[in-house]
Amino acid sequence: MAVYTEVSDAALADFLSAYAIGSLLSFKGIAEGVENSNFFLHTTDGAYILTLYEKRVREQDLPFFIGLMEHLSARGLACPQPVRDRTGQALGQLCGRPAAIVSFLEGVSVKAPGAGHCRELGRALAELHAAGRDFPMVRENNLSVSAWRPLFAQAEAQADLVEPGLAERTRADLAFLEAHWPQNLPGGVIHADLFTDNVFFIGDALSGLIDFYFACTDAFAYDLAVCLNAWCFEADGTFHRDMAAALIAGYEAIRPLEPAEVAALPILCRGAALRFMLTRLVDWLNVPPGALVKPKDPREFDRRLAFHRRAPDARDYGRPS
């Protein structure tokens, strides 16, 4: 369960008194995610999500995330809507942490997605990119290529205890990606973390996107690369080319990729896999004492990296030439 900070009944009651969302009926931790403490709120007025921001989320970035969700929601994208308190503030403090309440989205995440789910995701991702084009705020991607070597430095000494040879493979990947990382690709607001648990479906129809707390300003094709890593591989490293082809086709039905993006896709996929391997590796080795959280296995992305090293062309990812 992703709960780092316990919330007492008294602290919760004091926090909720600032909001006009009815009387509390139930309150429980949410067993998804590893970055923040998330709770399900059910009140007499409806259902909400309460988030306490932890770990990598910087307080100065929160206005970007809150503003982006309001902006995307106003443009018709199905995403959480921040709830403002009686004074008009969307951010507060709870148990020493920045905290916010957002609307609850109906739907469930799909644990074993198929090509149809991937096509829906591709369309939604392109719609997100289009809806965010006129968002006025900018946030640098602080988990892009320049951050990977410092991240690895936190775990390098113990990397081979997690998986033999991991340190050497990571050093080679870092050197390659730092030398070849694409520049000047089309970009704007990206989600940067659209794993299956951040996408909801009702039946076969995508019903919403959640968890915008890694959103930033970066290359659109990098966001697509994150999704290819998150949706089109099994835990053992098996790649589903049909699912990748459907995801890319869904995206290009809304926003066709430019030639430079197609050429860069294999490197972007390799970089996205390294980013998640590194953050998982650091988390795996540094679980806070007493935290109700199960860290995710970095070895899954080590196996995906093995595929990316052998895939030099976008056709390897199901994108027709």
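These numbers were taken from a predicted model, which means no experiment stands behind them.

### Details of the overall build of the protein
And step 1. If you tally the helices and strands in the protein, you get 10 helices and 10 strands.
And step 2. Here the C-alpha radius of gyration of the protein, 20 Å, is about what a compact globule of 321 residues would show, namely 20 Å.
And step 3. Taken over the C-alpha atoms alone, the protein extends approximately 55 × 45 × 35 Å along its principal axes.
And step 4. Relative to all contacts within the protein whose residues are 6 or more apart in sequence, the contacts with residues 24 or more apart total 73%.
And step 5. Accessible area for the protein stands at about 13700 Å²; split by element, carbon and sulfur atoms hold 52% of it.
And step 6. Averaging the locations of the 30 positively and 40 negatively charged side chains of the protein gives two centres separated by 3 Å.

### What to know about helix α6 (residues 166-180)
And step 1. An ideal rise of 1.5 Å per residue puts 21 Å on 15 residues; α6 measures up with 21 Å between its terminal C-alpha atoms.
And step 2. For α6, the set of buried residues is Leu 166, Ala 167, Thr 170, Asp 173, Leu 174 and Leu 177. Along the long axis of α6, the arc covered by the buried residues comes to 125 degrees, so they all point the same way. Projecting away from the buried face of α6 at angles above 90 degrees are the exposed residues Glu 168 and Ala 179.
And step 3. Where the residues of α6 are buried, they touch α4 (145-153), α5 (159-162), α9 (259-285) and α10 (299-309).

### Some details on the side chain of Asp 223
And step 1. With respect to the secondary-structure elements, Asp 223 resides in helix α7 (residues 220-231).
And step 2. If near-sequence neighbours (up to four positions away) are discounted, Asp 223 is found in contact with Leu 125, His 129, Ile 190, His 191 and Ala 192.

### Looking at unusual backbone geometry
And step 1. Positive phi outside glycine occurs at Cys 95, with the angle close to 55 degrees.
And step 2. As for its placement among the helices and strands, Cys 95 is situated in the loop between β5 (92-94) and β6 (97-103).

### Considering the pattern of salt bridges
And step 1. Using the criterion set out here, one finds 17 salt bridges in the structure.
And step 2. With its nearest N and O atoms 2.9 Å apart, the salt bridge here joins Asp 61 to Arg 58.
And step 3. Looking at Asp 61, the relative accessible area reads 7%, which means it is buried.
And step 4. Judged by relative accessible area, which is 36%, Arg 58 ranks as partly exposed.
And step 5. The residue Arg 75 makes a salt bridge to Asp 134 at a minimum N-O spacing of 3.0 Å. Residue Arg 75 is found in the loop between α2 (62-74) and β4 (82-83), and its partner Asp 134 is found in the loop between α3 (115-131) and α4; the two are separated by 59 residues along the sequence.
And step 6. Among the ionic contacts, a cluster of salt bridges with common partners joins Arg 58, Asp 61 and Arg 139.

### Considering the pairing of strand β2 (residues 37-43)
And step 1. With six of seven residues buried, β2 lies mostly within the body of the structure.
And step 2. Inspection of the sheet shows strand β1 (residues 24-29) paired to β2 by five bridges, in the antiparallel sense. Bridging across to β2, Phe 27 finds its partner in Leu 41.
And step 3. One ladder, built from seven bridges, connects β2 with strand β3 (residues 46-52); its direction is antiparallel. Bridging across to β3, His 42 finds its partner in Ala 47.
And step 4. Linking β2 to β3, which pair antiparallel, is a turn of two residues.

### Some remarks on the side chain of Thr 196
And step 1. Summarising the element assignment, Thr 196 is placed in the loop between β7 (187-190) and β8 (199-202).
And step 2. The buried category is assigned to Thr 196, whose relative accessible area is 18%.
And step 3. Each residue touching Thr 196, except ones within four places of it in the same chain, is listed here: Ser 109, Val 110, Pro 113, Ala 230 and Trp 231.

### Digging into the nonpolar core
And step 1. Counting 93 residues, the largest nonpolar core has Phe 212 and Trp 231 as the members making the most contacts within it.
And step 2. Ranked by residues supplied to this core, first place goes to α9 with 14 residues.
And step 3. Excluding anything up to four places from it in sequence, Trp 231 contacts Pro 113, His 117, Cys 118, Leu 121, Leu 194, Phe 195, Thr 196, Val 199, Phe 201, Met 243 and Leu 247.
And step 4. In this structure, Leu 16, Phe 39, Tyr 48 and Leu 50 belong to the second largest nonpolar core, which totals 15 residues.

Cut-offs and rules
Residues numbered from 1 in each chain as written. Predicted model: local features only at pLDDT ≥ 70, side-chain atom pairs only at ≥ 80, totals over all residues. Heavy atoms only, no water. Helix = DSSP H or I, 4+ residues; strand = E, 2+ residues; numbered from the N terminus. Rg over C-alpha atoms; globule rule 2.2 N^0.38 Å. Contact = heavy atoms within 4.5 Å. Areas by Shrake-Rupley, 256 points an atom, 1.4 Å probe, with all protein chains shown as cover. Lys, Arg positive; Asp, Glu negative; His and termini not counted. Charge placed at Lys NZ, Arg CZ, Asp CG, Glu CD. Expected span 1.5 Å × (residues − 1). Buried < 20%, exposed > 50% of the residue type's maximum accessible area, 1.4 Å probe, protein only. Arc of directions from axis to C-beta. Salt bridge = Lys/Arg side-chain N within 4 Å of Asp/Glu carboxyl O. Pairing = 2+ DSSP bridges. Core = buried A, V, L, I, M, F, W, Y, C linked by side-chain atoms within 4.5 Å.

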